[in-house]
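Letter by letter, the chains look like this.
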Amino acid sequence: MAGRILVVEDDTTIWRGLHQALGAQGYEPDWADTGAGALVPRSIPPDLVLLDLGLPDIDGVEVCRRLRALYPQATIVILTARSDEIDVVIGLDAGADDYLVKPFRLAELLARIRAHLRRRSPDADLETVSVGALSMDVGAHRVFVDEEELELRPKEFDLLALLLSEAGRVVTRERIMHEVWDEHWFGSTKTLDMHISSLRKRLGPTGDLITTLRGIGYRFEKP
Ligand code: CA
């Protein structure tokens, strides 16, 4: 199975197009046309959620926040017709992993979905990485600080895994955007800054080990 995708979209024309395209790619599309409908718990959690921010009932950002709590492991991609950058920033802060501004090309959306779901699939070669108080079981998708498990969003996890795999060395912004987000990223790298900042918060004092090299990238310091 290629993945279960929940589309939260009140525009039936967009939904019909997406339903057909996602089905053709082997995904299992599910649909909600309201925020309330999106928040009805699914017995099998979605792997990825495409969330339109302009919904008829509940504010899309609030729906995003609640979906993040409901499905901590799902990748959330917000779709916004509002070109206002503030919506994107608020959406990312509310737990989204990525965003697309409408109108978007279907090929672009499918490429993003592929990249996101590929990152999620377990890799048998990956193992446990430990630096100081922090340890990551990459295969099992678990992170511990001083034996206490942390809940990270999918992109925070991927970002931390990359920084840890290069602990003590700088990882450039370009490499992070390429490896964690998309192979063909042309958009803003604000997403990266938002995720670094939330990752630092979640890691607590260990977050101080992430050093910013302004305009260059980030380095996870070996304590
Ligand atoms: Ca809408």
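Here we come to the overall build of the protein. Each helix and strand counted, the protein has eight helices and 12 strands in total. A compact globule built from 223 residues would reach a C-alpha radius of gyration of about 17 Å, and the protein, at 17 Å, matches this within 12%. Along the first, second and third principal axes, the C-alpha atoms of the protein reach 55 × 35 × 30 Å. Every one of the 223 residues in the protein was classed for burial, and the buried ones make up 46%. Residue pairs in contact within the protein that sit at least 24 positions apart in sequence constitute 59% of those at least 6 positions apart. When the accessible area of the protein is evaluated, it comes to approximately 10,800 Å², of which 51% is carbon and sulfur surface. Separation between the mean location of the 27 positive side-chain charges and that of the 37 negative ones in the protein comes to 3 Å.

In this section: the packing of helix α7 (residues 173-181) against helix α8 (residues 190-203). Close contact between α7 and α8 brings their axes to 11 Å; oriented N to C, the two are set at 85°. It follows that α7 is roughly perpendicular to α8 by the angle criterion. The residues of α8 that touch α7, namely those facing Arg 173, Ile 176, Met 177 and Trp 181, are Thr 191, Leu 192, Asp 193 and His 195. Class assignment for the residues of the contact of α7 with α8 results in four nonpolar, two polar and two charged.

The next subject is the sheet that holds strand β9 (residues 148-150). Ordered in space as β6-β7-β8-β9, the four strands form an open sheet in which the pairing is antiparallel. Strands with a single pairing partner mark the edges of an open sheet, and in this sheet they are β6 (128-131) and β9. Ignoring which end each strand starts from, the neighbouring axes of this sheet average 25° apart. Sheet topology places strand β7 (residues 134-137) next to strand β8 (residues 142-145); four bridges connect them, and they run antiparallel. The residue bridging Asp 137 from the neighbouring strand is Arg 142, located in β8. Packed on one face of the sheet, helix α6 (residues 154-165) meets β6, β7 and β8 and runs near 115° to β7.

Ligation of the calcium ion by protein atoms is provided by Asp 10 (OD), Asp 52 (OD) and Gly 54 (O), these donors lying 2.2 to 2.4 Å from the ion. Mapping the donors of the calcium ion onto the primary sequence yields the spacing D-x41-D-x1-G. Here Asp 10 is found in the loop between β1 (4-8) and α1 (12-24), whereas its partner Asp 52 is found in strand β3 (residues 48-52), with 42 residues between them in sequence. Judged by relative accessible area, Asp 10 falls into the partly exposed class, the value being 34%.

Calculation criteria
Residues numbered from 1 in each chain as written. Predicted model: local features only at pLDDT ≥ 70, side-chain atom pairs only at ≥ 80, totals over all residues. Heavy atoms only, no water. Helix = DSSP H or I, 4+ residues; strand = E, 2+ residues; numbered from the N terminus. Rg over C-alpha atoms; globule rule 2.2 N^0.38 Å. Buried < 20%, exposed > 50% of the residue type's maximum accessible area, 1.4 Å probe, protein only. Contact = heavy atoms within 4.5 Å. Areas by Shrake-Rupley, 256 points an atom, 1.4 Å probe, with all protein chains shown as cover. Lys, Arg positive; Asp, Glu negative; His and termini not counted. Charge placed at Lys NZ, Arg CZ, Asp CG, Glu CD. Axes fitted to C-alpha atoms, helices over the stretch in contact; angles between N-to-C directions. Parallel < 35°, antiparallel > 145°, perpendicular 65-115°, else oblique. Nonpolar A, V, L, I, M, F, W, Y, C, P; charged D, E, K, R; others polar. Pairing = 2+ DSSP bridges. Donors = N, O, S within 2.8 Å, 3.2 Å for Na, K, Ca; no water.

Limitation: the analysis is restricted to geometry and does not speak to function.
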